[in-house]
Amino acid sequence: MRKNLVDPFVFTKKTVFMQRLSDLVRSNHSRYILGTISIDKAPYFAAKMDLNYSCFANKVTAHRERQRGNASSRLLFLSQENTTHLTWVLLVTEGKWQSPYAGNEKWLDPIEDRITISGYELVRHIRSGNAKPSWTWRYTGARYDELRNMVVMAIRRHRADELRNLIDSLWRSPAFAGVREQIKKFAQLIKAEWTRSGVGDMPEIPKGLGFVRRLPDKGKKLSMLIKEAEIGNS
């Protein structure tokens with residue numbers, strides 16, 4: 001392993017992290033593995049992955065490797081609030097490996113085994129007027145059903161304040177195309193269930209969810225996160 005540990009960028013905004021993951025899958029990173037790791041162990045893990053997969057090579061170098069028929073890779077980290085662990089995803093393209101230690105992972109196909117982050121999954125979908133599939137995020141089936149049941153029970157138990165909180169949370173979801181379609185279904189569900197309940201005025205439902213624009217990277221170097229964690233524990 002290298003004597004000097006790498007100091008990768010760590011995303012601190014989940015929506016940006018999700019956007020970058022979809023960018024990579026869209027650009028032919030056709031296999032992946034993911035997991036979590038404690039912040040203090042992340043430098044050693046990142047160094048090992050970089051040694052095996054050159055996952056922090058710049059775009060020019062990665063492009064040249066692909067032109068030579070070699071695989072290229074990217075390792076992304078996400079830090080979320082109230083946790084001492086990082087979420088990581090390693091994505092690779094097709095091609096030959098340069099390291100004898102590379103390629104031995106239990107790779108997953110993002111089409112068959114969807115990338116899942118905090119209750120959201122990355123899926124292919126067809127945009128109107130475009131025959132070529134694109135990629136978007138939506139709630140997983142399990143999370144969607146959980147939220148649906150919470151909405152229905154709040155209405156049937158006449159808990160208007162609970163419903164307002166659910167509406168506020170749902171309409172603050174990252175507005176990817178797949179999520180927007182699900183939010184439309186939630187709006188229809190709320191109106192139908194409230195009408196059926198026959199109780200007073202229905203809490204206000206926002207007109208729309210908006211769109212996720214192209215977002216700049218938001219995060220910190222891993223070394224900075226480690227320092228902040230050390231200060232917090234002192």
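Scroll up to find the structure this text is about.
The structure contained in this document is the topic of the report that follows. (Residues numbered from 1 in each chain as written. Predicted model: local features only at pLDDT ≥ 70, side-chain atom pairs only at ≥ 80, totals over all residues. Heavy atoms only, no water.)

## Re the pattern of salt bridges
Turning to step 1, where the next piece is worked out: Scanning all chains against the criterion turns up 16 salt bridges.
Turning to step 2, where the next piece is worked out: Two residues, Arg-31 and Glu-94, come together in a salt bridge whose shortest N-O distance is 3.5 Å. Remark: Glu-94 occurs in the loop between β4 (85-92) and β5 (116-117) and Arg-31 occurs in strand β2 (residues 31-38); sequence separation between them is 63 residues.
Turning to step 3, where the next piece is worked out: Between Glu-121 and Arg-114 there is a salt bridge, with the nearest N and O atoms lying 3.3 Å from each other. (Salt bridge = Lys/Arg side-chain N within 4 Å of Asp/Glu carboxyl O. Helix = DSSP H or I, 4+ residues; strand = E, 2+ residues; numbered from the N terminus.)

## Quick look at helix α6 (residues 177-197)
Turning to step 1, where the next piece is worked out: Over its 21 residues, α6 runs 31 Å from end to end, which matches the ideal 30 Å to within 8%, given 1.5 Å per residue.
Turning to step 2, where the next piece is worked out: Buried within α6 are the following residues: Ala-177, Gly-178, Val-179, Arg-180, Gln-182, Ile-183, Phe-186, Ala-187, Leu-189, Ile-190, Glu-193 and Trp-194.
Turning to step 3, where the next piece is worked out: Looking at the residues trailing α6, positive phi occurs at Gly-198, about 65°. (Expected span 1.5 Å × (residues − 1). Buried < 20%, exposed > 50% of the residue type's maximum accessible area, 1.4 Å probe, protein only.)

## Some details on the sheet that holds β4
Turning to step 1, where the next piece is worked out: If you trace the 5 strands from one edge of the open sheet to the other, you get β2-β4-β3-β1-β8, paired in mixed fashion. In this open sheet, the two strands that pair with only one neighbour each are β2 and β8 (219-221). Sheet twist, expressed as the mean angle between neighbouring strand axes with direction ignored, is 30°.
Turning to step 2, where the next piece is worked out: Where β2 and β4 come together, 8 bridges link them in antiparallel fashion. Following the sheet pairing, Tyr-32 is matched in β4 by Leu-91.
Turning to step 3, where the next piece is worked out: Where helix α1 (residues 14-26) meets the sheet, its contacts fall on β1 (9-11), β3 (73-79) and β4, and the angle it forms with β3 comes to roughly 165°. (Pairing = 2+ DSSP bridges. Axes fitted to C-alpha atoms, helices over the stretch in contact; angles between N-to-C directions. Contact = heavy atoms within 4.5 Å.)

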